[in-house]
Amino acid sequence: MDHVVLTGDRPTGPLHLGHYFGSLANRLALQGTYPMYVLIADYQVITDRDLPGEIQRNITELLLDHLAVGLDPARVTIFRHSAIPELNQLLLPFLSLVSVAELRRNPTVKDEIAHSSQQAVNGLMFTYPVHQAADILFCKGTLVPVGKDQLPHLEMARLVARRFNERYGEIFPVPEAMLGERPLLGGLDGGKMSKSRGNAIPLRATEDETAALIRRARTDSERLITFDEEGRPEVANLLTLASLCLGRPQRELADEIGYGGAAALKRLVTDAVNEFLGPIRARRREHTEAEAHAVLEEGNRRARERAITTLDEVREAMRF
Ligand code: TRP
């Protein structure tokens, strides 16, 4: 099957290791095989906060993160929501395909509301999954590499595609999620690794910053290190982090540490992460901000061309 790959991130801060193992690794593996779009979801930033914050800075960092991990802009189209009016316009017909009950049911939205710092939940919080369907469908994306938390949004995109096709004629392929085959990486406090929860290791962290973050990680007082995801989730998570960086099983690492306790565990994790991030740090230094912005301009141009074609098809199917 000839796939079109689409995936994206909110520009709320630098990308971290959770992103790397959750989806960047997939992007790298796929970039030579299929046409791929990588979205900078700037309009999605204002779902759980009132102001977009340092959005330009975050976008620059996001671009540099992608170049640093080895994404090739000759093969991948990187673009942003706000540069593609025709993508955004798909939101209107798409919203008409979904019920309010379906919008309310989304477990990822519920979780985000629970962690939001806002006084009141805004309308975009409930409707952005439909906008995300437009992200995926504007380029007729068929394969969406994401973390597990995005599956409800993928279901929304599938629903929108099927309903549009039923009502107005076959235009959209029904997209599929592609989950990272690796275990979901938790944050340094045992919860989900998330830039807004302050428990993540950014890809651009220096060696010292990395060491400091891991030093602060939550563990327990048991000296014998064991890999027990249920009973000792914080320790297990640190072992998973080291395991992903080193490509070695968690139990083997735990056995090696033995009675070394949290201090030895943290030393091992710090070395593993720093070794893993070494080549990424080196590649980041090879790219300038001006280069990153030129990559985005070109990506916006290509994505917009695609969106114009799809919106024309949609209008025609709807007899507008
Ligand atoms: N919701 C995703 C996140 O918070 C970002 C995103 C926006 C996305 N549009 C997308 C991911 C389309 C995959 C496909 O990380």
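Some details on the domain arrangement of the protein chain
Here the protein chain is described as being made up of domain 1 (5-182 + 288-317) and domain 2 (207-284). Here the C-alpha centroids of domain 1 and domain 2 sit 32 Å apart. In this complex, domain 1 contributes eleven residues to the contact, which on the side of domain 2 involves nine residues. Of the roughly 850 Å² buried between domain 1 and domain 2 on both sides combined, carbon and sulfur atoms contribute 70%. Looking only at domain 1, the three residues that lose the most surface to domain 2 are L17, F21 and A68, adding up to 58% of its buried area. In this assembly, domain 1 and domain 2 are joined by two salt bridges. Its salt-bridge partner being E61, residue R284 comes within 3.4 Å of it at the nearest N-O pair. In this structure, the connection of domain 1 to domain 2 is made through four residue pairs in polar contact (both at pLDDT 80 or more). Looking at the side of domain 1 that touches domain 2, the elements that each hand over two or more residues are α1 (17-30) and α2 (55-69). At six residues, the largest contribution of residues to the side of domain 1 that touches domain 2 is made by α2.

Structural notes on the nonpolar core
L17, Y20, I201, L239, L241 and V273 are the most contacted members of the largest nonpolar core, which has 59 residues in total. A domain split of this core shows at least three residues from each of domain 1 (5-182 + 288-317) and domain 2 (207-284). If we ignore the near neighbours within four places in the chain, the residues touching Y20 are A25, L28, V69, L203, F276 and I280. Core analysis: the next-biggest nonpolar cluster, separate from the first, contains 37 residues, L6, A41, I84 and V98 among them.

Digging into α1
Compared with the 20 Å implied by 1.5 Å per residue over 14 residues, the 19 Å span of α1 between its first and last C-alpha is a close match. Its maximal kink placed at S23, α1 deviates by approximately 45°. Where burial is concerned, most of α1 is hidden: twelve out of the 14 residues are buried.

Re the pattern of salt bridges
Under the definition given, this model contains 21 salt bridges. Connected through shared salt-bridge partners, R57, E61, D65, R204, R284 and E289 make up one network.

Regarding the packing of aromatic side chains
Each pair of aromatic rings is reported with the distance of its centres and the angle of its planes. The full count for this structure, using the stated rule, is ten aromatic pairs. Relative to F138, the ring of Y37 lies with its centre 5.7 Å away and its plane at 70°, an arrangement referred to as edge-to-face. Pair noted here: Y37 is in strand β2 (residues 36-40) and F138 is in the loop between α7 (123-137) and β4 (143-146), with a separation of 101 residues, a long-range link. Here Y37 falls in the buried class, since its relative accessible area comes to 12%. You can call F138 buried: its relative accessible area is 0%. Look at F94 and F172: their rings are 5.7 Å apart centre to centre, the planes differ by 80°, and that puts the pair in the edge-to-face class. Of this pair, F94 sits in helix α4 (residues 91-95) while F172 sits in the loop between α8 (151-168) and β5 (176-179), and the two are 78 residues apart along the sequence. The exposure class assigned to F94 is buried, which follows from its relative accessible area of 0%. Judged by its relative accessible area of 2%, F172 is buried. Within the aromatic cluster, the residues linked to one another by ring pairs are F94, F164, Y168 and F172. It is R10 that lies over the ring of Y128; its NZ or CZ is 4.8 Å from the centre.

What counts and how
- Residues numbered from 1 in each chain as written.
- Predicted model: local features only at pLDDT ≥ 70, side-chain atom pairs only at ≥ 80, totals over all residues.
- Heavy atoms only, no water.
- Domains from an automatic or database assignment.
- Contact = heavy atoms within 4.5 Å.
- Buried area = accessible area lost by both parts, 1.4 Å probe.
- Salt bridge = Lys/Arg side-chain N within 4 Å of Asp/Glu carboxyl O.
- Polar contact = N/O pair within 3.5 Å; in protein donor to acceptor, adjacent residues only side chain to side chain.
- Helix = DSSP H or I, 4+ residues; strand = E, 2+ residues; numbered from the N terminus.
- Core = buried A, V, L, I, M, F, W, Y, C linked by side-chain atoms within 4.5 Å.
- Buried < 20%, exposed > 50% of the residue type's maximum accessible area, 1.4 Å probe, protein only.
- Expected span 1.5 Å × (residues − 1).
- Bend = angle between axes of the 7 residues up to and from the residue.
- Phe/Tyr/Trp six-rings, centres within 6.5 Å; stacked < 30°, edge-to-face > 60°.
- Lys NZ or Arg CZ within 6 Å of the ring centre and 35° of its normal.

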